[in-house]
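Listed below, chain by chain, are the residues.
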Amino acid sequence: MQQVINGLMLGSMYSLVAIGYTLVFGLLNLLNFAHGDVFMFGGFIALFVLLSLKLPILVAFIGAMVGCGILGFILELVCFRTVKKEYHLAPALGTLGFSLVVIELTTKVWGTEPVSLPPSVEVINFQIGDLLISSVQILILAVAIVLMAALEFLILKTRLGRAMRAVAEDPTVAKLLGVNAVRTIVAAFVISSALAGAAGILLALRLGLANPHVGFTYGMKALAVMAIGGLGNVRGAMLGGLIIGMAEVLTVAYGSATYSDVVVWTGLIAILLFKPSGLLGTKLQEERR
Amino acid sequence: MEALQGLVPEKSVLIFMGVNIIMAWGFWIMIATGQLSLGNSAFMAMGAYTAGVITVKLKLPLPVGFLGAILIGVVTGAIVGWPALRIRGIYLAMATIGVEEVLQIFFKNFEYTGANVGLNGMRGTTVELTYGVVFIFFLFFLRLSNSRLGHAMEAVRSDEVAASAMGLNPTYIKMVAFTIGAVMSSIAGVLYSHFMFFIAPEHFGIMTSIYPVFFVAFGSVQNFWGAAFGAIILTLLPEYIRFMAEWRIVLYGVLIVLVMAVRPQGIISSSVVSRISRFFGGLAPSRQPQPVAAGPGEPGQNSS
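Summarised in this report is the structure supplied together with it. (Residues numbered from 1 in each chain as written. Chains lettered and ligands numbered in written order. Predicted model: local features only at pLDDT ≥ 70, side-chain atom pairs only at ≥ 80, totals over all residues. Heavy atoms only, no water.)

1. So, the overall build of chain B
Operational definition: Labels follow the DSSP assignment, with helices taken as runs of H or I lasting at least four residues and strands as runs of E lasting at least two, numbered in each case from the N terminus. Between buried and exposed lies partly exposed: a residue is buried under 20% and exposed over 50% of the maximum accessible area for its type, with that area taken using a 1.4 Å probe on protein chains only. Contacts are assigned to residue pairs that have any heavy atoms within 4.5 Å of one another.
Counting its regular elements, chain B contains 12 helices and 2 strands. In chain B, the succession of α and β elements from N to C terminus is α-α-α-α-β-α-α-α-α-β-α-α-α-α. Relative to its 304 residues, chain B shows a buried fraction of 58%. For chain B, contacts bridging at least 24 residues in sequence account for 80% of all contacts bridging at least 6.

Set out below in structure tokens:
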């Protein structure tokens, strides 16, 4: 049961990052390689706010989400809007270049080693039966759930969400029907980056440090999560995150820690081979292959 | 693999450049049939470790190491390439990342090759050997670009359905291209490891797969000249602009973003190549008289 809680926590973080990948992929059919590093950057914004400005954790959250949102805006501008549409690979490669710049600049400022976060949340451990839950864990779960619910609401109930779904289904028709495609795409980038920023600060809280290399480790795994859940499918990303988080924690607990990543990646390969549309993939994603 | 470059003078730069050219070509031949692989460092690692085991543990000469690497390149290329044919585009990219990650974990835990610590004792790569191999591949590509297989690859990339309607077998062609790419990466691994003296699993991480992508994207995906051009420029550029050495990765990133935004087809696109060859009149690639065995089995004999 303790492991289930840990798995949920890890999983919800993967979900948040994977949702970001999936929002952009669903809309543009573009793999945003810089997303993992936007996520990493969120942790460092939190570090900056907490350590240098000595402001409370709530400000750090808002700062990370806003900062990463801005980063997402820049990313869309330089890597997507300016690139000609007939070269499918070009924007993806551009985001790879962008991610290198983000990592390098981060390590230039904060160094290549992980930096410890100052204690910002009072850690209280709750004992429920055999379970030990810390306030940090509760915070992570709560934030993840609130953000996912908000996103679900945004996609299903608001005007912007409808526009996103329309653009995802057929950009040309959506434009003909009066949807402002450019604005919708920018919104998707900003939202996905803000979510990544939130996930970044959650991870920093969980580990107690900001690490410039999480973009490659956690970010890549979130990519696998997206594929497992179903490319471009937001609920798939949520489900995939939970499954991977659970699988990873359970392998560590009952198997061997060295092979927990193997589970994730072989799962990805198996899904790609046997059900390329992912667990919750729909017809739409199937056609895109 | 890039880290040591700034420390040592000319010779190492030349060797790294050769290795980078081969890696870029290995990636290019896959992308030339529409297959985006982000796991070529896995093949490179297989080649490097196989040859390392052959020369260091079994104490056999380097040519045997090359043969072993070619063999393992064919085998791993086929093993990864065959099921990977079911998937394409961005899905293939993710599957190959998966392969690379799994192999990385394997080598980190495989005691025989030193696990995390790595394997050392490999030597024998010289500038001559490296460029001998590069030259063989160069002849191979020259020949390929005017051969049946080359045209078939071009057809498969531009329209797979049309290609198969014309009687080509896209599955076979993609498989061949993928395997050749794997073998090239594997050979690049041998050259790399036998120059570096020491290899560890982290040398073959995802970044090692991504550099060739940059080389090709920078040069051009449309032809093998572009891949080589990208590898040469991006290897030499940080060497000649010394003050940039510290910022080389930022420079790479900015360059790629810029090139993708301004010239997404790469610098040396096919129209540039044909313009250049027209300029040189008779020097068009088709005039190359010397046929070379189409199989990638050549480089082993070149070692000294």
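2. Description of the overall build of chain A
For chain A, the helix and strand inventory stands at 12 helices and 4 strands. Overall size of chain A, expressed as C-alpha extent along the three principal axes, is 55 × 45 × 35 Å. Taken over 289 residues, chain A has a buried fraction of 55%. By sequence separation, contacts in chain A at least 24 residues apart represent 77% of the contacts at least 6 residues apart.

3. Digging into the packing of aromatic side chains
Let me state the cut-off plainly: Classification of ring pairs uses Phe, Tyr and Trp, with its six-membered ring standing for Trp, and accepts pairs whose centres are within 6.5 Å; under 30 degrees between planes counts as stacked, over 60 as edge-to-face, and the remaining range as tilted. Remark: a charge is flagged as sitting over a ring if the NZ atom of Lys or the CZ atom of Arg is within 6 Å of the ring centre and within 35 degrees of the ring normal.
The tally for this structure, following the rule as stated, stands at 24 aromatic pairs over all chains. Both rings, one in Phe16 of chain B and one in Phe195 of chain B, keep their centres 5.9 Å apart while their planes meet at 85°; by these two values the pair is edge-to-face. Here the residue Phe16 of chain B occupies a position in helix 1 (residues 10-31), and Phe195 of chain B occupies one in helix 8 (residues 170-196), the gap between them amounting to 179 residues. An aromatic cluster of at least three residues, connected via ring pairs, comprises Phe16, Tyr49, Phe106, Phe107, Phe110, Tyr112, Tyr192, Phe195 and Phe204 of chain B. The ring of Tyr218 of chain A has Lys221 of chain A lying over it, and the distance from NZ or CZ to the ring centre is 5.6 Å. Its end group placed over the ring of Tyr112 of chain B, Lys57 of chain B keeps NZ or CZ at 4.7 Å from the ring centre.

4. Concerning the pattern of salt bridges
The test is simple: Basic side-chain nitrogens of Lys or Arg form a salt bridge, by our definition, when they fall within 4 Å of a carboxyl oxygen of Asp or Glu.
The tally for this structure, following the rule as stated, stands at 6 salt bridges over all chains. Glu248 of chain A is paired through a salt bridge with Lys221 of chain A; the nearest N and O atoms lie 3.1 Å apart. Taken together, the residues Glu248 of chain A in helix 10 (residues 234-254) and Lys221 of chain A in helix 9 (residues 214-229) connect sequence positions 27 residues apart. Each of the two residues, Glu248 of chain A as well as Lys221 of chain A, counts as buried. Its salt-bridge partner being Arg157 of chain B, residue Glu154 of chain B comes within 2.8 Å of it at the nearest N-O pair. Here Arg157 of chain B and Glu154 of chain B lie together in helix 6 (residues 148-158), a separation of 3 residues that amounts to about one turn. A residue is classified by how much of its surface remains accessible, and Glu154 of chain B, at 44% relative accessible area, is partly exposed. Accessibility expressed as a relative area gives 29% for Arg157 of chain B, which makes it partly exposed. Via salt bridges that share partners, Lys221, Glu248 and Asp261 of chain A belong to a single interconnected network.

5. Some thoughts on the nonpolar core
Spelled out, the test is: Nonpolar core, defined: a set of buried Ala, Val, Leu, Ile, Met, Phe, Trp, Tyr and Cys residues in which side-chain atoms within 4.5 Å join the residues together.
Within the largest apolar cluster, 188 residues are counted, with the highest numbers of intra-cluster contacts made by Ile19 of chain A together with Trp25, Trp28, Ile29, Phe141 and Phe214 of chain B. The element best represented in this core is helix 8 (residues 181-207) of chain A, accounting for 15 residues. Apart from residues no more than four positions distant in its own chain, Ile19 of chain A is found in contact with Met148, Leu151, Leu195, Val234, Ala237 and Met238 of chain A. Ranked by size, the runner-up nonpolar core spans 5 residues in total, among them Met30, Phe43, Val80 and Ala182 of chain B.

6. Here's the deal with the interface of chain B and chain A
Definition in use: Buried area is understood as the total, over both parts, of accessible area removed when two parts are fitted together, assessed with a 1.4 Å probe. In the analysis that follows, any N or O atom pair within 3.5 Å is treated as a polar contact, provided that within protein one partner can donate a hydrogen and the other can accept it, and provided that, for residues neighboring in sequence, both atoms belong to side chains. Side-chain classes follow a simple rule in which Ala, Val, Leu, Ile, Met, Phe, Trp, Tyr, Cys and Pro form the nonpolar group, Asp, Glu, Lys and Arg form the charged group, and the remainder, Gly included, forms the polar group.
Listed per partner, the contact involves 38 residues of chain B and 40 residues of chain A. Counting the surface lost from both chain B and chain A, the interface buries some 3500 Å², and carbon and sulfur atoms represent 82% of this. For the pair chain B and chain A, the interface holds 0 salt bridges. At the boundary of chain B and chain A, one finds 0 residue pairs in polar contact (both at pLDDT 80 or more). Elements with a minimum of two residues in the side of chain B that touches chain A: helix 4 (89-109), helix 9 (206-219) and helix 11 (248-262) of chain B. Top contributing element to the side of chain B that touches chain A by residue count: helix 4 of chain B, with 11 residues. Residue composition of the side of chain B that touches chain A, grouped by class: 30 nonpolar, 4 polar and 4 charged.

7. Examining the packing of helix 6 (residues 159-169) of chain A against helix 8 of chain A
Residues and elements named next belong to chain A. Stated formally: Lines are fitted to the C-alpha atoms to define the axes, a helix being fitted only along its stretch in contact, and any angle between axes, read from their N-to-C directions, falls within 0 to 180 degrees. Working definition: roughly parallel below 35 degrees, roughly antiparallel above 145 degrees, roughly perpendicular at 65 to 115 degrees, and oblique for all remaining angles.
Where helix 6 meets helix 8, the axes come as close as 10 Å, and the angle between the chain directions of the two elements is 105°. Accordingly, the angle class assigned to the pair helix 6 and helix 8 is roughly perpendicular. Listed contacts from helix 8 to Leu160, Ala163, Met164 and Val167 of helix 6 are Ala181, Thr184, Ala187, Ala188 and Ile191.

8. Points about helix 11 of chain B
We count it as follows: To estimate how far a helix should reach, multiply one less than its number of residues by 1.5 Å.
Helix length check: helix 11 of chain B, at 15 residues, gives a terminal C-alpha distance of 21 Å against a target of 21 Å (1.5 Å per residue), a fit within 8%. Burial of helix 11 of chain B is extensive: 11 of the 15 residues sit out of reach of the surface. Every buried residue of helix 11 of chain B is listed here: Arg248, Val250, Leu251, Tyr252, Gly253, Leu255, Ile256, Val257, Val259, Met260 and Ala261 of chain B. Packed against the buried residues of helix 11 of chain B are helix 3 (57-81) and helix 4 (89-110) of chain A together with helix 9 and helix 10 (224-240) of chain B.

9. A word on the packing of helix 4 of chain A against helix 11 of chain B
Note the threshold: Helix crossings get a hand from a simple test, with the near helix turned counterclockwise from the far one by less than a right angle marking a left-handed crossing and a clockwise turn marking a right-handed one.
It is at 8 Å that the axes of helix 4 of chain A and helix 11 of chain B come closest, and there the two elements cross at 155°. In this view, helix 4 of chain A runs roughly antiparallel relative to helix 11 of chain B, as classed from their interaxial angle. Here helix 4 of chain A and helix 11 of chain B pass one another in a crossing that is left-handed. Here Ala90, Leu93, Gly94, Gly97, Phe98, Leu100, Val101, Glu104 and Leu105 of chain A of helix 4 of chain A come into contact with helix 11 of chain B, specifically with Ile249, Val250, Tyr252, Gly253, Val254, Ile256, Val257 and Met260 of chain B. Among the residues making up the contact of helix 4 of chain A with helix 11 of chain B, the classes are represented as 13 nonpolar, 3 polar and 1 charged.

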